[in-house]
Amino acid sequence: MALICRHDIPLFFANIDTPGEQQKYSVALIEHLFTLLPPQATVVTLYDVGCVLARSLSKFEILPQDVLLRLRFATTAMHAYGHEWACQLVHNPRMCIGMGLSDGEGTERLWSRFIRLIGVERSSSRQRRIWLIDRQATAIGSEMKDDLGDWIKRRLKRGIKDQGSVALDAINRCETSVEDLQAQWADQRQSQLSIRAHAPARLRKELDTVLALQSDLDASDRALQATRTTLEKDAASGDTLDVLESLQRGHDRLMAKVEALYSSLNVHDRFPELDGVNLDFVRVLLIARDLKMNIRKRAIARTKLHQHTRKAIAKRQPALMTAIRKFNSYCERLELLYDPAWNIPLPTALPTKLAELRGDQTLMQDVWVTPSMGEVPRWLADSDVRDGIRALLKRDRCREEQQRLGMEADNLCRFFGEELTALELSLRLPESKFASQYSINV
């Protein structure tokens, strides 16, 4: 495991000698880093599962409190899209203030530069492998330090200039002011991070149980009515009709118990906003929400390079298409059950073509499970506003990156200025063997 700076220059390595990428290695790297930093320095750590590590550090006393106060976590840009939307709102570097255009994928680029060592180290001893990795990392770090000036130029051109101009064009096209977009984004974060926006899985299972019982009882009620009609036509005896009435009373008691069971779920206590909403509508809505999360994971799942074969893709595509068709059927079912008085935004059907699905922005949004107060918010109903919010976030990250690159360029110039001053001073000193030659040339 490696710890690198935002310029992809390797700083420290941890030798993983146990099965799995355990948290102790990342904690050890972070702890060692803070021993070398000034006491007032702050650090943002981008890690594939930074959200999980942040949770662990907040629950257990692993790092000192003064370190935790100066430490912030985010997920890497590419891995973030495999996390739940609520996690992305907090830990996605493209949505976090102050992150600039740092993507956290520098370790992946670093490992790609170690590929040449794979063949050599297959027949090497353990000590030899560690030594080769250390020498290669030192060479890579030295090369990248010499390339810092070109790195800043590339970021200014390909990052800020190209992406910033595209973001500004998108903001202008949405025909919404920046202030309104900022307000819509704040409203979206607050709404989608609310605990009410995330119904627990247990509630969905309980609703399924109640509705399954109610479906069975409805079927038995139809059978009872059909039997009653048949017996009445055939002039059945009084004893037979008495038994039938007894069965009907038992059925009515069971129906009352099902209603009591539904009331015991306290759906409307947990979600008072759903009071008066049809039970079947709530069930389908929660199932559609979970299914969409599953579709999102399937659609953006990352596999290793050697797994990117046509066979693997062909195997995964039918299951994804089946899930999408089922989700779209739920959307149609919700439209049939929907009552505008509930004021719950309905989910949008997903495209059934993979090319269109990858570019569909609604894929990343969870199904809304609570009523909207007043009118449906624009960030949920207006696609232009959603495009504008994404462009606004990109513009903000570009501005942050430009400011950070300016500071880094100033620091780089200051460093070279100090080095040049030190060199000239050493050349002018009397004890320098170049002193006489330097004074003649000057």
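Residues numbered from 1 in each chain as written. Predicted model: local features only at pLDDT ≥ 70, side-chain atom pairs only at ≥ 80, totals over all residues. Heavy atoms only, no water.

Caption draft 1: Up close: the pairing of strand β2 (residues 10–13). Across 3 bridges, strand β1 (residues 2–4) lies against β2 in antiparallel orientation. Counted as the bridge partner of Leu3 is Phe12 from β2. Hairpin remark: β1 followed by β2, antiparallel, with 5 residues in the connecting loop; positive phi at Asp8, about 70°. (Pairing = 2+ DSSP bridges. Helix = DSSP H or I, 4+ residues; strand = E, 2+ residues; numbered from the N terminus.)

Caption draft 2: Structural context of the nonpolar core. With 23 residues, the main nonpolar core has Phe281, Leu285, Ile295, Ile324, Phe327 and Leu350 as its most contacted residues. Secondary-structure elements contributing two or more residues to this core are α14 (279–299) and α15 (310–337). If one sorts the elements of this core by residue count, α14 sits on top with 8 residues. In contact with Ile324, other than residues within four places in its own chain, are Ile295, Leu350, Pro351, Thr352 and Leu357. Within the second largest apolar cluster, 18 residues are counted, among which are Trp85, Ala170, Trp368 and Ala391. (Core = buried A, V, L, I, M, F, W, Y, C linked by side-chain atoms within 4.5 Å. Buried < 20%, exposed > 50% of the residue type's maximum accessible area, 1.4 Å probe, protein only. Contact = heavy atoms within 4.5 Å.)

Caption draft 3: Structural view of a nonpolar patch on the surface. Together, Phe13, Trp111 and Ile133 give the surface a local cluster of nonpolar side chains, amounting to about 240 Å² of exposed area. With respect to the element layout, Trp111 can be found in helix α6 (residues 106–112). Classification of Trp111 as partly exposed rests on a relative accessible area of 35%. (Patch = residues over 30% accessible without salt bridge, like charges linked within 9 Å, V, L, I, M, F, W, Y side chains within 5 Å. Areas by Shrake-Rupley, 256 points an atom, 1.4 Å probe, with all protein chains shown as cover. Salt bridge = Lys/Arg side-chain N within 4 Å of Asp/Glu carboxyl O.)

Caption draft 4: How the structure looks around helix α8 (residues 126–146). In this model α8 runs 31 Å from its N-terminal to its C-terminal C-alpha over 21 residues, within 8% of the 30 Å that 1.5 Å per residue would give. Residues of α8 that are buried make contact with β2, α6, α7 (117–121) and α9 (148–173). (Expected span 1.5 Å × (residues − 1).)

Caption draft 5: Region of the structure containing the pattern of salt bridges. All told, the structure shown has 11 salt bridges when counted by the stated rule. Two residues, Glu401 and Arg155, come together in a salt bridge whose shortest N-O distance is 3.0 Å. Pair noted here: Glu401 is in helix α18 (residues 383–428) and Arg155 is in helix α9, with a separation of 246 residues, a long-range link. Grouping residues by exposure puts Glu401 and Arg155 together as buried. In this structure, the salt-bridge partner of Arg395 is Asp396, at a minimum N-O distance of 2.9 Å. Each member of the pair, Arg395 together with Asp396, is buried. Linked through salt bridges whose partners overlap, the residues forming this network are Arg6, Arg155, Glu401 and Glu408.

Caption draft 6: The arrangement of the packing of α9 against α18 in detail. α18 packs onto α9 with a crossing angle of 155° between their chain directions and a minimal axis gap of 9 Å. It follows that α9 is roughly antiparallel to α18 by the angle criterion. Relative to α18, the crossing made by α9 is left-handed. Classifying every residue of the contact of α9 with α18 by side-chain character gives 15 nonpolar, 6 polar and 5 charged. (Axes fitted to C-alpha atoms, helices over the stretch in contact; angles between N-to-C directions. Parallel < 35°, antiparallel > 145°, perpendicular 65-115°, else oblique. Left-handed = near helix turned anticlockwise from the far one by under 90°. Nonpolar A, V, L, I, M, F, W, Y, C, P; charged D, E, K, R; others polar.)

Caption draft 7: View of the pairing of strand β3 (residues 43–46). Side chains Val43 and Thr45 of β3 all project onto a buried face; the interleaved residues Val44 and Leu46 project onto a face where none is buried. Summarising the sheet, β3 and strand β4 (residues 71–74) pair through 4 bridges and their orientation is parallel. Directly across from Val44, in β4, lies its bridge partner Arg72.

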